[in-house]
Amino acid sequence: MPEYWTGELLCKMHNNGITRAALAEEIGCSKAYITMLLNGTKTTPGAAERLNAAADKLIAMSASC
């Protein structure tokens, strides 16, 4: 079962046009790994913080363009 934070992150990604591939590239992992984290099949301590920080950075970069 996915954790609560994944829904909030997916909403943030959708509303700002961030793909799983872009998020994976930002944190240096594979798109498949991002998918496993967001679907709840893989858990990693600190994943919520790292993924949200990466999404926030991508949002800030797109806003400055």
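Below or above, wherever it landed, is the structure these notes cover. (Residues numbered from 1 in each chain as written. Predicted model: local features only at pLDDT ≥ 70, side-chain atom pairs only at ≥ 80, totals over all residues. Heavy atoms only, no water.)

**As for the nonpolar core**
Okay, step 1: In terms of nonpolar packing, the biggest core is built from 16 residues, with W5, L9, M13, L23, I34, L38 and L51 touching the most fellow members.
Okay, step 2: Of all the elements in the fold, those that place two or more residues in this core are α1 (4-16), α2 (20-27), α3 (31-39) and α4 (47-63).
Okay, step 3: Sort the elements by how many residues they give to this core and α4 lands first, with six residues.
Okay, step 4: Among residues more than four places away in sequence, those in contact with W5 are L38, A47, A48 and L51. (Core = buried A, V, L, I, M, F, W, Y, C linked by side-chain atoms within 4.5 Å. Buried < 20%, exposed > 50% of the residue type's maximum accessible area, 1.4 Å probe, protein only. Helix = DSSP H or I, 4+ residues; strand = E, 2+ residues; numbered from the N terminus. Contact = heavy atoms within 4.5 Å.)

**Here we look at the side chain of T6**
Okay, step 1: Relative to the elements of secondary structure, T6 occurs in helix α1.
Okay, step 2: For T6, the side chain forms a polar contact with the main-chain oxygen of E3, separated by 2.6 Å.
Okay, step 3: The contacts of T6, once residues within four sequence positions are left out, are L37 and L38. (Polar contact = N/O pair within 3.5 Å; in protein donor to acceptor, adjacent residues only side chain to side chain.)

Such coordinate-based values are descriptive only and should not be taken to indicate function.
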